[in-house]
Amino acid sequence: MHSGTQFTQGLRLAMDNGPAWTVEAVRQVRYHVVSSDHLFSPDNTTLLTGCPDAPLRAGERRLVVIDENVDALYGARIRAFFDHHDIAVTVLALRADETVKQFDAVSRVVDAMNDFGIDRRREPVIAIGGGVLTDIVGFAASLYRRGTPYIRIPTTLIGLVDAGVGVKTGVNYDTGKNRLGTYAAATATFLDRSFLRSLDLRHISNGLAEILKMALIRSEELFELLERSGPEVRADRFQGSTGELARAADAIVAESIHLMLEELQPNLWESALERCVDYGHTFSPTIEMHALPELLHGEAVVIDMALTTALGLLRGDVGQEQADRIFSVIRALGLPLWNDVLDDPSLLEAALRDTVRHRDGRQRLPLPVGIGRHRFVNDVEPAELRAAAQLLRRRAEDMTQDAPAEALVSA
Ligand SMILES: NC(=O)c1ccc[n+]([C@@H]2O[C@H](COP(=O)([O-])OP(=O)(O)OC[C@H]3O[C@@H](n4cnc5c(N)ncnc54)[C@H](O)[C@@H]3O)[C@@H](O)[C@H]2O)c1
Ligand SMILES: O=C(CO)[C@@H](O)[C@H](O)[C@H](O)[C@H](O)COP(=O)(O)O
Ligand SMILES: [Zn+2]
């Protein structure tokens, strides 16, 4: 006889056609995002004690998976840190860029976890690298024994403000961007902006695209901050070389993450598909994969945002002056306004169809309203897309003529 009572009602209701049960459970999730510069300075103990749910003690061991470029730059320092604190690390250095963001890379991490004989409750895997690396390791960790904890240490701007703070993991499959993946929060993410000093400016711009996304849909203040200080903060690689640059860099990063987490927390598993953080991610997954490896993730996102700003302009939701400010900020942050893939209406239409499949049969397309606000629409038509692309092309060409020194157009 079953002693539990919670299923009784379901059982009684279903008796006519045989027994049936309904199980409902809520899964509690808690994760931490902790900032600390120079994480691998021997005297910085943030990694050891900074996360209450993942203490790291002398005498323990860890598997570290690191982007091979990051390993070349910082590997010696990282190994010396663990050595200094008597943590025995096994290091797997992986190539991690968009072209190898495939299931093979996940298998390699799983192999390493297996060889390490990881204790799945007490030995979180430590992932150090950009968004590609942390997405791969997060995916592998979420699969291994149906879930092994992991810790992220992002080393790119996208990692710091976006990939490192949410719960999505994944890799590309066929032509599908992040087509395979899981929702699996890292126990902790440690944000160390000093890694950005070695990142090339194109990748700084790439991260600024996701920050601009948050500004355009959620915060005119953040947009104005980017307008005022974005180019200098970019050139300084967020290192805070002067007091003013430090204040601006702190504010841009903290505000962007704060807005992102405000959006993510109430909808962590994306049961609601109207997500404003999907802004810039309606056409960009197809554009990015189609253009791979020419466009970085943030570049594809910003081209989508430029196109949808043009759509907003055509619909009267965004004024001409506002659109021009948006286009100017995109340029000033070293990002492209245009790519020739936008000349192919069938590609944009295919992208929209794929997004509709992703969003349960509706477009649920976040569109900007002015600067800092948004609304969702479901009625974008191919002709409107073509008109927006033409408008954007003209604007991008005008701006190229105005400022020929800037790389405005990535064709
Ligand atoms: N999981 C999420 O929620 C989420 C959110 C946004 C983006 N993403 C994913 O993130 C990926 C993009 O991430 P990314 O922009 O970090 O790219 P990336 O991981 O490819 O890193 C960019 C390049 O910089 C190198 N690199 C990394 N850190 C460095 C450093 N400190 N100094 C010098 N070089 C360094 C890498 O080796 C790589 O060549 C995309 O695949 C995107 O889908 C995921
Ligand atoms: O790119 C990503 C996640 O990969 C983020 O910047 C972004 O906020 C969103 O998660 C995107 O909307 C992507 O969502 P999805 O298409 O991978 O479901
Ligand atoms: Zn993104």
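Residues numbered from 1 in each chain as written. Chains lettered and ligands numbered in written order. Predicted model: local features only at pLDDT ≥ 70, side-chain atom pairs only at ≥ 80, totals over all residues. Heavy atoms only, no water.

The protein chain carries the name 2-epi-5-epi-valiolone synthase in an unreviewed UniProt entry, which gives Streptomyces olindensis as its organism. Quoted verbatim from the Catalytic activity (unreviewed entry) heading of the UniProt record, the comment on the protein chain is "D-sedoheptulose 7-phosphate = 2-epi-5-epi-valiolone + phosphate". Regarding the protein chain, the UniProt comment filed under Cofactor (unreviewed entry) reads as follows: "NAD(+)". (UniProt positions renumbered as here; feature names shortened; annotations may be inferred.)

S.K.: Tell me about the packing of helix H7 (residues 201-218) against helix H8 (residues 220-235), and name the residues and values.
M.R.: One can describe the packing of H7 onto H8 by two numbers: an axis separation of 9 Å at closest approach and a directional angle of 170°. Put simply, H7 runs roughly antiparallel to H8. Contacts from Leu201, Ile204, Ser205, Leu208, Ile211, Leu212, Met214, Ala215, Leu216 and Arg218 in H7 reach Glu220, Leu222, Phe223, Leu226, Arg234 and Ala235 in H8. In the contact of H7 with H8, the residues fall into 12 nonpolar, one polar and three charged. (Axes fitted to C-alpha atoms, helices over the stretch in contact; angles between N-to-C directions. Helix = DSSP H or I, 4+ residues; strand = E, 2+ residues; numbered from the N terminus. Parallel < 35°, antiparallel > 145°, perpendicular 65-115°, else oblique. Contact = heavy atoms within 4.5 Å. Nonpolar A, V, L, I, M, F, W, Y, C, P; charged D, E, K, R; others polar.)

S.K.: Mind laying out the coordination of the zinc ion (ligand 3), listing which residues take part and the relevant values?
M.R.: Tetrahedral coordination by four donors puts the ideal angle at the metal at 109.5 degrees, and octahedral coordination by six puts it at 90 or 180 degrees. Within the first shell, the zinc ion (ligand 3) binds the protein through Glu210 (OE), His281 (NE2) and His297 (NE2), at distances of 2.0 to 2.2 Å. Read in sequence order, the donor residues coordinating the zinc ion (ligand 3) give the pattern E-x70-H-x15-H. Of this pair, Glu210 sits in helix H7 while His281 sits in the loop between helix H9 (243-264) and helix H10 (284-291), and the two are 71 residues apart along the sequence. (Donors = N, O, S within 2.8 Å, 3.2 Å for Na, K, Ca; no water.)

S.K.: I'd like a rundown of the site of ligand 1, residues and numbers included.
M.R.: In the vicinity of ligand 1 there are 27 residues, among which Asp67, Glu98, Gly131, Thr155 and Thr156 approach most closely. In this structure, Lys101 approaches ligand 1 through a side-chain N or O atom, which is 2.8 Å from an oxygen atom. A total of 870 Å² of accessible area belongs to ligand 1 in isolation, and the protein chains cover 90% of it. For the shell around ligand 1, the secondary-structure elements that each account for two or more residues are helix H3 (68-84), helix H5 (131-143), helix H6 (157-163), strand S7 (176-180) and H7. (Near = heavy atom within 4 Å. Polar contact = N/O pair within 3.5 Å; in protein donor to acceptor, adjacent residues only side chain to side chain. Areas by Shrake-Rupley, 256 points an atom, 1.4 Å probe, with all protein chains shown as cover.)

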